[in-house]
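# Fold and geometry: a report
So you can see what is in the structure, the chains are spelled out below.
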Amino acid sequence: DDIHDIFRSCGKIVDNGVRLTRNYQTKELKGFGYIEFKNPEGAYSAVQRAAKGTLKVGNRPCYVDYDAGRGPKGSFRNRDGKNWNKEHGGNSNESRDRKRFRSNY
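Residues numbered from 1 in each chain as written. Predicted model: local features only at pLDDT ≥ 70, side-chain atom pairs only at ≥ 80, totals over all residues. Heavy atoms only, no water.

### Structural notes on helix α2 (residues 40-52)
An α-helix turns once every 3.6 residues. As a result, residues three or four positions apart point the same way. Here α2 contains 13 residues, and its C-alpha end-to-end distance of 19 Å stays within 8% of the 18 Å for a straight helix at 1.5 Å per residue. Residues of α2 that are buried include every one of Gly-42, Ala-43, Ala-46, Val-47 and Ala-50, and no others. The arc enclosing the buried residues of α2, seen along the axis, measures out at 135°, which places them on a common side. Set apart from the buried face of α2 by more than 90 degrees, the exposed residues are Glu-41, Ala-51 and Lys-52. One or two residues past the end of α2 sits Gly-53, with phi positive at roughly 85°. (Helix = DSSP H or I, 4+ residues; strand = E, 2+ residues; numbered from the N terminus. Expected span 1.5 Å × (residues − 1). Buried < 20%, exposed > 50% of the residue type's maximum accessible area, 1.4 Å probe, protein only. Arc of directions from axis to C-beta.)

### Remarks on the confidence of the model for the protein
It should be kept in mind that the predicted coordinates are not to be read in detail where pLDDT is low. Chain-level statistics for the protein give a pLDDT mean of 76 and a share of 63% at 70 or above. α2 holds the highest mean pLDDT among the elements of the protein, 92, whereas strand β5 (residues 98-103) holds the lowest, 50. Counting contacts from residues 91-98, a segment whose pLDDT is below 50, to residues more than four positions away or on other chains yields 25 contacts. (pLDDT = per-residue confidence, 0-100. Contact = heavy atoms within 4.5 Å.)

### With respect to unusual backbone geometry
Leaving glycine out, the prevailing phi sign among residues is negative, and the prevailing peptide bond configuration is trans. Although it is not a glycine, Asn-16 sits at a positive phi angle of roughly 60°. Position of Asn-16 among the secondary structure elements: in strand β1 (residues 13-22).

### Here's the deal with the pattern of salt bridges
Counted under the stated rule, the structure contains two salt bridges. A salt bridge links Arg-8 to Asp-5; its shortest N-O distance comes to 3.0 Å. With Arg-8 and Asp-5 both in helix α1 (residues 2-8), this residue pair falls three residues apart, about one helical turn. Judged by relative accessible area, which is 41%, Asp-5 ranks as partly exposed. One salt bridge in this structure joins Arg-19 and Glu-36, with 3.7 Å as the shortest N-O distance. One end of the pair, Arg-19, is in strand β1; the other, Glu-36, is in strand β2 (residues 29-37), and 17 residues separate them in sequence. Comparing Arg-19 with Glu-36 shows no difference in burial state: the two are buried. (Salt bridge = Lys/Arg side-chain N within 4 Å of Asp/Glu carboxyl O.)

In structure tokens:
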């Protein structure tokens, strides 16, 4: 929820549009994830704010970049352990609006 609140300030996020990567066995966060905005302006705002150092997660600056169309790997799973690509239809044309972020934690 913290990540959603932080990136919501950049623009509207699609339902279930925040996906954080976790180690499958330990369930610990890996330090990066995907944010899918409803429009390109939200994604652009996130990139610009991160570049200026004003977008922070846990008081740490974030690295934010465009996804380059790949989307989550086939092994990416949601909180329930379900395969994300199977549940959401894999990579879509909307991927250009999806943001990948990496936090320095």
